[in-house]
Amino acid sequence: MSVESTLARHGGTPVITKAFPPYKSLGEEEIQAANRVLRSGVLSAFLGSRGPGFYGGPEVQALEREAADRFGVKRVVAVNSWTSGLVAAMGAIGLEPGDEVIVTPWTMVATATAILQWNAIPVFADIDPQTFNIDPDAVEAAVTHRTRAIAAVDIFGQSANLFALREIADRYNLKIVTDTAQAPGAMYNGIPAGTMADIGGFSLNYHKHIHCGEGGLLVTNDDCLADRLQLIRNHGEAVINSNSPQDLSNILGHNFRLGEIEAAIAREQLHKLSGLVASRQLAASRLTNALSRLPGIIPPFVPEGSTHVYYVYGMTLDLDELCFDRAWILDALSAEGVTGLFAGYQNIHLNPLFIQRIAYGTSGFPWIGLKSGDSKVSYAPGLCPVAEKLHQHTFLGLNLCAHAFTNDEIDHVIAAFEKVWFYLEGGRQSL
Ligand SMILES: Cc1ncc(COP(=O)(O)O)c(C=O)c1O
């Protein structure tokens, strides 16, 4: 592809002059599914009282059966968002106020706030600089006598190191919750990502590979945990009887119920998951082929045994190789018309919620006033140096679920990178 060499940032013609169409996973099948529910007139069949309605309507229950088949798990509990799913999961594993849960700082904030919802304490452990997933060594270093669980996130589209995490969890008698919001369809040593934890699950929000507007799927192979998840989803305290699970702690007043239209759409989306994942993988491999030839840019690293589904194409910049900082590079690429790019991601340990300890009121609860004594957990800068450096200086992401990204569109993105890198190379040589 021949392109003019003056950077768009300096007044030249951008490589990409026409906006790419947005990513769209919905089609006629979803329209028909939604219409089927509308015609039935029953938009939700959930009832917060004893009886069959406690478990939701036909679409919700069919979605749960089909998702259990798709992901190879015993039980699925559908919820109205993955944030709800995370809250339910943290409750179901039996967190007590003051229990510590080790969690990555490089995630959407709901992974950590779900812990706080049960008055438990998030403890942040740093990430692996290559995969951006929680580092098992950092997890082990963070274990204390208060640790009850590990919350691992399969960030950007590939599984965390679940073999190592499971080994640590077994050694210290911890539960594992995985947040696979961004990695449905990814595989880890032949096992679907999200299914190796005590409880895992997926987001079905609009921005993900597959969606139904808002929604989430909890997955587990543990019947007792699945029963507790169902109770937490739907005002479980109202239906407790002699058949209920023995452990009734944390069963209190929630409505995390998914609607029938959303469930019907999600069923269709599940059928499309493999194809949608394959199209992201194709785009990513085309990008990697080209970008790995450019100095100072490190494409996503995929460990052996893992498949990546590329919710985000995560790159690291080697700033010693490049003579411009990340802000300049992002600006230059954006001026060339590349959309969906972003610099840095999350350092949630530095969120004011944690630093100022203002989750509930202003007195520092739940970090103080615990039966087991005040929490000494730190949220200071420097706690997670790998995540902090990536966030502040070196990480560059491309949202691969922002556009369809046909081969042609990916080639335009590559041309934009090559044009900017050609300029950078010139700058380097003139130093
Ligand atoms: C890693 C991660 N966790 C949790 C969530 C929350 O999911 P939802 O928006 O379905 O509540 C998201 C959504 O962006 C996410 O990416």
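Residues numbered from 1 in each chain as written. Predicted model: local features only at pLDDT ≥ 70, side-chain atom pairs only at ≥ 80, totals over all residues.

S.K.: I'm lost on the overall build of the chain in this one. Help?
M.R.: Along the backbone of the chain there are 12 helices and 13 strands. Computed over the C-alpha atoms, the radius of gyration of the chain is 23 Å, within 12% of the 22 Å expected from 2.2 N^0.38 for a compact globule of 431 residues. Along the longest, intermediate and shortest principal axes, the C-alpha atoms of the chain span 75 × 55 × 40 Å. Within the chain, the fraction of its 431 residues that count as buried is 48%. Taking as baseline every contact in the chain between residues at least 6 positions apart, the subset at least 24 positions apart corresponds to 71%. (Helix = DSSP H or I, 4+ residues; strand = E, 2+ residues; numbered from the N terminus. Rg over C-alpha atoms; globule rule 2.2 N^0.38 Å. Buried ≥ 20, exposed ≤ 12 C-beta atoms within 10 Å, placed from the backbone. Contact = placed C-beta atoms within 7 Å.)

S.K.: What is the right way to read the site of the ligand from this model?
M.R.: Within the structure, the ligand sits among 14 residues, and Trp 82, Thr 83, Met 108, Ala 181 and Ser 203 are positioned closest to it. Residue composition of the shell around the ligand, grouped by class: five nonpolar, eight polar and one charged. (Near = placed C-beta within 6 Å. Nonpolar A, V, L, I, M, F, W, Y, C, P; charged D, E, K, R; others polar.)

S.K.: I would appreciate a short explanation of the sheet that holds strand S13 (residues 395–399) in the present structure.
M.R.: Adjacent strands of a sheet form backbone hydrogen bonds with each other and so pair up, either parallel or antiparallel. One open sheet holds the four strands; their spatial order is S10-S11-S13-S12, and the pairing between them is antiparallel. Two strands bound the open sheet, and with one partner strand each, they are strand S10 (297–298) and strand S12 (341–343). Strand direction decides the pairing type here: S10 and strand S11 (residues 312–317), joined by two bridges, are antiparallel. Residue pairing across strands places Ile 298 opposite Thr 316, the latter belonging to S11. (Pairing = 2+ DSSP bridges.)

S.K.: Which parts of the structure should I look at to understand helix H8 (residues 260–291)?
M.R.: Residue pairs three or four apart in sequence face the same way in an α-helix, which turns once every 3.6 residues. Here H8 contains 32 residues, and its C-alpha end-to-end distance of 44 Å stays within 8% of the 46 Å for a straight helix at 1.5 Å per residue. Of all the bends in H8, the greatest measures close to 50° and is centred on Lys 272. (Expected span 1.5 Å × (residues − 1). Bend = angle between axes of the 7 residues up to and from the residue.)

S.K.: Would you mind showing me how to read the environment of Lys 419 here?
M.R.: Mapped onto the fold, Lys 419 is located in helix H12 (residues 407–429). Here the alpha-carbon distance between Lys 419 and Ser 5, two residues 414 residues apart in the chain, equals 6.6 Å.

S.K.: Would you mind going over the sheet that holds strand S8 (residues 200–203) with me for this structure?
M.R.: Spatially, three strands are ordered S1-S9-S8 in an open sheet, and the strand pairing comes out antiparallel. Taken across any chain shown, the strands that pair with only one partner, and hence form the sheet edges, are strand S1 (75–79) and S8. Taken over all neighbouring pairs, the strand axes of this sheet differ in orientation by 20° on average, direction set aside. As paired strands, S1 and strand S9 (residues 216–220) are joined by five bridges and run antiparallel to one another. Each residue of the ladder has a partner; that of Arg 75, found in S9, is Thr 220. (Axes fitted to C-alpha atoms, helices over the stretch in contact; angles between N-to-C directions.)

S.K.: It is not clear to me how the packing of helix H3 (residues 82–92) against helix H7 (residues 223–233) should be interpreted in this structure. Could you clarify?
M.R.: Each pair of packed helices can be described by the angle between their axes along with the distance between the axes. Two elements in contact, H3 and H7, have axes separated by 9 Å at closest approach and are oriented at 125°. Classified by the angle their axes make, H3 and H7 are oblique. With respect to the hand of their crossing, H3 and H7 are arranged in right-handed fashion. Each of Ala 88, Gly 91 and Ala 92 in H3 lies in contact with H7, whose residues at this interface are Leu 225, Arg 228, Leu 229, Ile 232 and Arg 233. Here the residues of the contact of H3 with H7 are counted per class, giving five nonpolar, one polar and two charged. (Parallel < 35°, antiparallel > 145°, perpendicular 65-115°, else oblique. Left-handed = near helix turned anticlockwise from the far one by under 90°.)

S.K.: Whenever I open this one, the nonpolar core confuses me. Can you help?
M.R.: The nonpolar side chains of a soluble globular protein tend to be buried with one another. The biggest cluster of nonpolar side chains holds 125 residues, and the ones touching the most others in it are Met 90, Ile 150, Leu 218 and Leu 400. No other element matches H8, which puts 11 residues into this core. Apart from the residues lying within four places of it in its own chain, the contact partners of Ile 150 are Ile 102, Val 139, Leu 165, Ala 169, Leu 174 and Ile 176. (Core = buried A, V, L, I, M, F, W, Y, C linked by C-beta atoms within 7 Å.)

S.K.: Any chance you could explain unusual backbone geometry here in plain terms?
M.R.: What you tend to see is this: most non-glycine residues have negative phi, and most peptide bonds are trans. Residue Phe 365 is joined to Pro 366 through a cis peptide bond whose omega torsion reads 10°. Relative to the assigned elements, Pro 366 resides in the loop between helix H10 (352–355) and helix H11 (385–394). Unlike most non-glycine residues, Asn 250 shows phi in positive territory, near 65°. Relative to the assigned elements, Asn 250 resides in the loop between H7 and H8. The backbone of Tyr 310 shows a phi angle near 55°, a positive value even though the residue is not glycine. Assignment of secondary structure puts Tyr 310 in the loop between S10 and S11.

S.K.: Is there a simple way to think about the pairing of S13 in this case?
M.R.: Side-chain positions along a regular strand alternate between the two faces of the sheet. Relative to S13, S11 runs antiparallel, the two sharing five bridges. Paired with Thr 316 across the bridge in S13 is Phe 395. Across three bridges, the pairing between S12 and S13 is antiparallel. Bridged to Ala 343 within S13 is Leu 396.

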